[in-house]
Amino acid sequence: CGRGPGGCRSGRTDMALRCAASLAAGRQPRGPRREGAMRWSSAAKPSAVKINEKASREKILTLESMNPQVKAVEYAVRGPIVLKAGEIEKELRKGIKKPFTEVIKANIGDAHAMGQRPITFLRQVVALCTYPNLLDSPSFPEDAKERARRILQGCGGNSLGSYTASQGINCIREDVASYIERRDGGVPADPDNIYLTTGASDGISAILKILVSGGGKSRTGVMIPIPQYPLYSAAISELDAIQVNYYLDEENCWALNVNELRRALNEAKAYCNPKVLCIINPGNPTGQVQNRKCIEDVIHFAWEEKLFLLADEVYQDNVYSEGCQFHSFKKILYEMGPEYYNNVELASFHSTSKGYMGECGYRGGYMEVINLHPEIKGQLVKLLSVRLCPPVSGQAAMDIVVNPPVPGEESYAQFIKEKESVLNNLAKKAKLTEDMFNKIPGVHCNPLQGAMYAFPRIFIPSKAIEEAKAHKMAPDMFYCMKLLEETGICVVPGSGFGQREGTYHFRMTILPPVEKLKILLEKVKDFHIKFLEKYA
């Protein structure tokens, strides 16, 4: 039809008249037909609609056409062995007989799933924020109500259901800054440097995303500890950055050695541009707690080599061994003097998911980023604004972690009792796990100084290694799969975290209740002895 004022209009009018006439006559209107065009009629009988699989066109999204960086991502904590555990659980529910009655998922640090009770005060405040009508209830303490009112006043429409600023609710960021100052003995913290996040993982991914650049030999290299938490290797793969491994010293309780950092850095300079150094303290999966001297050495190394420091400190409340103490990188950096404090770029991370809280599902967290270039600050806020804001209930939960009851307040006694009970129980289970593993022939476990996992080294006989190869499995994956199939215990093979060539490990959480943990450890012991006998 023509483009003139009357051409299209008259064509549409004629068609409208034909349609009206057809409808008046009880017939379906017919539009202009294109030769060879396939027509779909909603009036077609179901029996006439046949799906011809051979005639269906190829999928747009296939393994070959998908983003190769996403395909390269691996996350062992929820990997193949966990999928297998899920299959076994379904079989048990169907009544299929196994040598066990339940699957014990010791693969992930999910405290509440393992039976840990929530902290009452945290749940009270979040409940009040979620349903403000409860603010009139005498069942809730006044200190919880005061915090809930303050949080709600920071929300649009006084509702947890509204979006917040991309950086998070301002009063909560102020509370985070106050918490950091208290924790670090008065070291100043600026709320403007605080970013509330969807768990610590969200913050880590965002910082890595803004750091990665270049191509070829100038592509960003990210130094990560081995063993590591698989979030790091997954994020690096997704961003197509270069993973630069530095090995923790297993013979020295998984200590971090600056000479090893230097070796890794110098070797990496041949094929990438290393500019990020990631530290996990206390360690995951290894449980070591870094001493002050080690942190000073790392900071000096980062300053000397012009590296951006990422300090993953989500287990800062989880320190168990005598003589061990958590030191934040921010505090040590400040105490090393202005030459360091005013120059080393540092992002530190914390979360509601670990510690004594165990509130994984709220996805609450924060990061503090210091010495960031002013223009990059704007770029970071822009990047975070794409996801609008972190979950607001998670922000509220994070506020209670950094602004808990204090002496003199109504809820303090119950809060401190619950907090100490959780942490004392974890310390007891850390020692129990270490002691029981070290009684098993062919197993060695370093002291669990902190965090909430054991990462024992296991001896795997050569015959088992050959059988693993025949099944196209890593030897420790083969071991862990056998452990799952014969005992129902789900742990994560060390190969998913990285380990030195020729060594084998698995990661197991210490979160189950003490009695269940004892049963679990006894089962591992019996399995390991039989495994050695079978493959000796």
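This text goes with the structure placed above it.
Predicted model only: the values in this text are computed from it and were never measured.

Draft legend 1. Spotlight on helix α18 (residues 514–535). Helix length check: α18, at 22 residues, gives a terminal C-alpha distance of 31 Å against a target of 32 Å (1.5 Å per residue), a fit within 8%. Every buried residue of α18 is listed here: Val514, Leu517, Leu520, Leu521, Val524, Phe527, His528, Phe531, Leu532 and Tyr535. Viewed along the axis of α18, the buried residues span an arc of 140 degrees, placing them on a single side of the element. Relative to its buried face, α18 has exposed residues pointing more than 90 degrees away, namely Glu515, Lys530 and Glu533.

Draft legend 2. Seen up close, the packing of helix α4 (residues 120–130) against helix α5 (residues 142–153). The interhelical angle for the contact between α4 and α5, taken along N-to-C directions, is 45 degrees, at an axis separation of 9 Å. Regarding the angle of α4 to α5, the classification is oblique. Both α4 and α5 take part in a crossing whose hand is right-handed. Together, Phe121, Gln124, Val125, Leu128 and Cys129 of α4 and Asp143, Ala144, Lys145, Arg147, Ala148, Ile151 and Leu152 of α5 make up the contact between the two elements. The residue inventory of the contact of α4 with α5, partitioned by class, reads eight nonpolar, one polar and three charged.

Draft legend 3. How the structure looks around the packing of helix α9 (residues 258–268) against helix α10 (residues 292–305). Where α9 contacts α10, the two axes come as close as 10 Å, and the packing angle between them is 25 degrees. As summarised for this structure, α9 and α10 are arranged roughly parallel, according to the angle between their axes. Considering the relative orientation of α9 and α10, their crossing is right-handed. The residues of α10 that touch α9, namely those facing Val258, Leu261, Arg262 and Leu265, are Asp297, Val298, Phe301, Glu304 and Glu305.

Draft legend 4. Expanded view of the pattern of salt bridges. For the structure shown, the criterion picks out 27 salt bridges. For Arg173, the salt bridge identified is with Asp192, shortest N-O distance 3.9 Å. One end of the pair, Arg173, is in helix α6 (residues 170–183); the other, Asp192, is in the loop between α6 and β2 (194–198), and 19 residues separate them in sequence. Two residues, Glu335 and Arg292, come together in a salt bridge whose shortest N-O distance is 2.5 Å. One end of the pair, Glu335, is in helix α11 (residues 329–335); the other, Arg292, is in helix α10, with 43 residues separating them in the sequence.

Draft legend 5. Quick peek at the pairing of strand β6 (residues 308–312). With five of five residues buried, β6 is to be regarded as a mostly interior element. Burial of the side chains of β6 extends over both faces: Phe308, Leu310 and Asp312 are buried on one face and Leu309 and Ala311 on the other. Sheet topology note: the strand β5 (residues 273–280)/β6 ladder contains five bridges and is parallel. Its bridge partner lying in β6, Ile279 is registered against Ala311. Taken together, β5, α10 and β6 constitute a β-α-β crossover, and its handedness is right-handed. Alignment of β6 against strand β7 (residues 346–351), held across four bridges, turns out to be parallel. Directly across from Leu309, in β7, lies its bridge partner Leu346.

Draft legend 6. Structural detail: the packing of aromatic side chains. The tally for this structure, following the rule as stated, stands at 14 aromatic pairs. With a centroid separation of 5.8 Å and an interplanar angle of 80 degrees, the aromatic rings of Phe455 and Phe497 are classed as edge-to-face. Of this pair, Phe455 sits in the loop between β10 (453–454) and β11 (457–458) while Phe497 sits in the loop between β13 (492–493) and β14 (506–509), and the two are 42 residues apart along the sequence. Residue classification places Phe455 among the buried residues on the basis of a relative accessible area of 4%. A relative accessible area of 1% means that Phe497 is categorised as buried. Taken together, a centroid distance of 4.8 Å and an interplanar angle of 50 degrees make the contact between Phe531 and Tyr535 tilted. Residue Phe531 and its partner Tyr535 are located together in helix α18, separated by four residues, close to a single helical turn. The class of Tyr535 is buried, set by a relative accessible area of 3%. When the ring centre of Tyr453 is taken as reference, the NZ or CZ atom of Arg507 above it lies at 3.9 Å.

Conventions and cut-offs
Residues numbered from 1 in each chain as written. Predicted model: local features only at pLDDT ≥ 70, side-chain atom pairs only at ≥ 80, totals over all residues. Heavy atoms only, no water. Helix = DSSP H or I, 4+ residues; strand = E, 2+ residues; numbered from the N terminus. Expected span 1.5 Å × (residues − 1). Buried < 20%, exposed > 50% of the residue type's maximum accessible area, 1.4 Å probe, protein only. Arc of directions from axis to C-beta. Axes fitted to C-alpha atoms, helices over the stretch in contact; angles between N-to-C directions. Parallel < 35°, antiparallel > 145°, perpendicular 65-115°, else oblique. Left-handed = near helix turned anticlockwise from the far one by under 90°. Contact = heavy atoms within 4.5 Å. Nonpolar A, V, L, I, M, F, W, Y, C, P; charged D, E, K, R; others polar. Salt bridge = Lys/Arg side-chain N within 4 Å of Asp/Glu carboxyl O. Pairing = 2+ DSSP bridges. Right-handed = clockwise from strand over helix to strand, strands pointing away. Phe/Tyr/Trp six-rings, centres within 6.5 Å; stacked < 30°, edge-to-face > 60°. Lys NZ or Arg CZ within 6 Å of the ring centre and 35° of its normal.

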